[in-house]
Amino acid sequence: QVQLVESGGGLVQPGGSLRLSCAASGFTFSNYGIGWYRQAPGKEREFVAYITSVGDIRNYTPSVKGRFTISRDNAKNTVYLQMNSLKPDDTAVYYCGARLTWGAAYDYWGQGTQVTVSS
């Protein structure tokens, strides 16, 4: 059974940090690129960051560049999103997705983890 399970979300004050994890099972994780997306209340889901299957290419949306870092450990079938200098605008449900082919639709999605940045 294919699963992507996000964890690590929570409530944090502005300027704080969180590390999200996306744990995969049921497919050959090391063949898949992984993306993080987020959806705030009343808004559409938006791209946050992406890492290729071997971790050689990483992309970020401009609003998080320099604050967020995506990484992966293929031995643990896990992708991480280190989020520093968090802002209230980062408040959203964060989802990870897996895709086999560059530029194609995502094959699998997780259920999401809530991140709330508030004082």
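The residue numbers shown here count from 1 along each chain, following its written sequence. The model is predicted, so local features are restricted to residues of pLDDT at least 70 and side-chain atom pairs to those at 80 or more, both for listing and for counting; the totals for chains, interfaces and linings are taken over all residues. The side-chain values count all of the structure's non-hydrogen atoms but skip hydrogen atoms and water molecules.

K.L.:
Would you mind going over the nonpolar core in detail, with residue names and values included?
P.N.:
Nonpolar side chains tend to gather and get buried jointly when the protein is soluble and globular. For our purposes a nonpolar core is just a set of buried Ala, Val, Leu, Ile, Met, Phe, Trp, Tyr and Cys residues, chained together by side-chain atoms within 4.5 Å. The classification of residues rests on relative accessible area computed with a 1.4 Å probe and restricted to protein chains. Under 20% of the type maximum is buried, over 50% is exposed, and intermediate values are partly exposed. Grouped together as the largest cluster of nonpolar side chains are 29 residues, with contacts concentrated most on Trp36, Leu81, Met83 and Tyr94. Helix and strand assignments follow DSSP, with helices taken as H or I runs no shorter than four residues and strands as E runs no shorter than two, numbered in order from the N terminus. Counting residues per element, the ones that place at least two in this core are strand S3 (18-25), strand S4 (33-39), strand S5 (46-51), strand S7 (68-73), strand S8 (78-83), strand S9 (92-99) and strand S11 (113-117). Only heavy atoms matter for contacts: two residues are in contact if any of them lie within 4.5 Å across the pair. Among residues more than four places away in sequence, those in contact with Tyr94 are Glu6, Leu20, Trp36, Tyr37, Arg38, Val48, Phe68, Leu81, Met83, Gly112, Thr113 and Val115.

K.L.:
Residue-level account of the environment of Ser25, with values.
P.N.:
Along the chain, Ser25 falls in strand S3. Take Ser25: its relative accessible area is 29%, and that puts it in the partly exposed class. Considering only alpha carbons, one finds Ser25 and Thr78, 53 residues apart in sequence, at a separation of 9.2 Å. Ignoring anything within four residues of it in the chain, the contact list for Ser25 reads Gln1, Val2 and Gln3.

K.L.:
So what's going on with the state of the cysteines? Residues and values would help.
P.N.:
Whenever a pair of cysteine sulfur atoms sits within 2.5 Å, that pair is classed as a disulfide. Tallied over the entire structure, the rule returns one disulfide. Covalent S-S linkage joins Cys22 and Cys96, the inter-sulfur distance amounting to 2.1 Å. Since a negative S-S torsion denotes a left-handed disulfide, the Cys22-Cys96 link at about 75° is right-handed. In this pair, Cys22 is assigned in strand S3 and Cys96 in strand S9, connecting sequence segments 74 residues apart. For Cys96, a relative accessible area of 0% corresponds to the buried category.

K.L.:
Describe in detail unusual backbone geometry, supporting the description with residues and values.
P.N.:
Although it is not a glycine, Asn77 adopts a positive phi angle of roughly 55°. With respect to the helices and strands, the residue Asn77 is situated in the loop between S7 and S8.

K.L.:
So what's going on with the sheet that holds S8? Residues and values would help.
P.N.:
At least two bridges found by DSSP between two strands are what make those strands a pair. The strand order across the open sheet built from four strands is S1-S3-S8-S7, with neighbouring strands paired in antiparallel fashion. Only two strands of the sheet have a single neighbouring strand rather than two, namely strand S1 (3-7) and S7. Sheet twist, expressed as the mean angle between neighbouring strand axes with direction ignored, is 15°. The sheet contact formed by S3 and S8 spans six bridges and is antiparallel. Note that in S8 the partner of Leu20 across the bridge is Leu81. To define axes, lines are fitted to C-alpha atoms, for helices over the stretch in contact only, and angles between the resulting N-to-C directions are given on a 0 to 180 degree scale.

K.L.:
Describe the environment of Gly15, listing the residues and the values that go with them.
P.N.:
With respect to the secondary-structure elements, Gly15 resides in the loop between strand S2 (10-12) and S3. Taking the relative accessible area as the measure of exposure, Gly15 reaches 51% and is therefore exposed. In sequence terms Gly15 and Ser119 are 104 residues apart; their C-alpha atoms lie 9.9 Å from each other. With sequence-adjacent residues up to four places away left out, Gly15 is seen in contact with Ser85 and Leu86.

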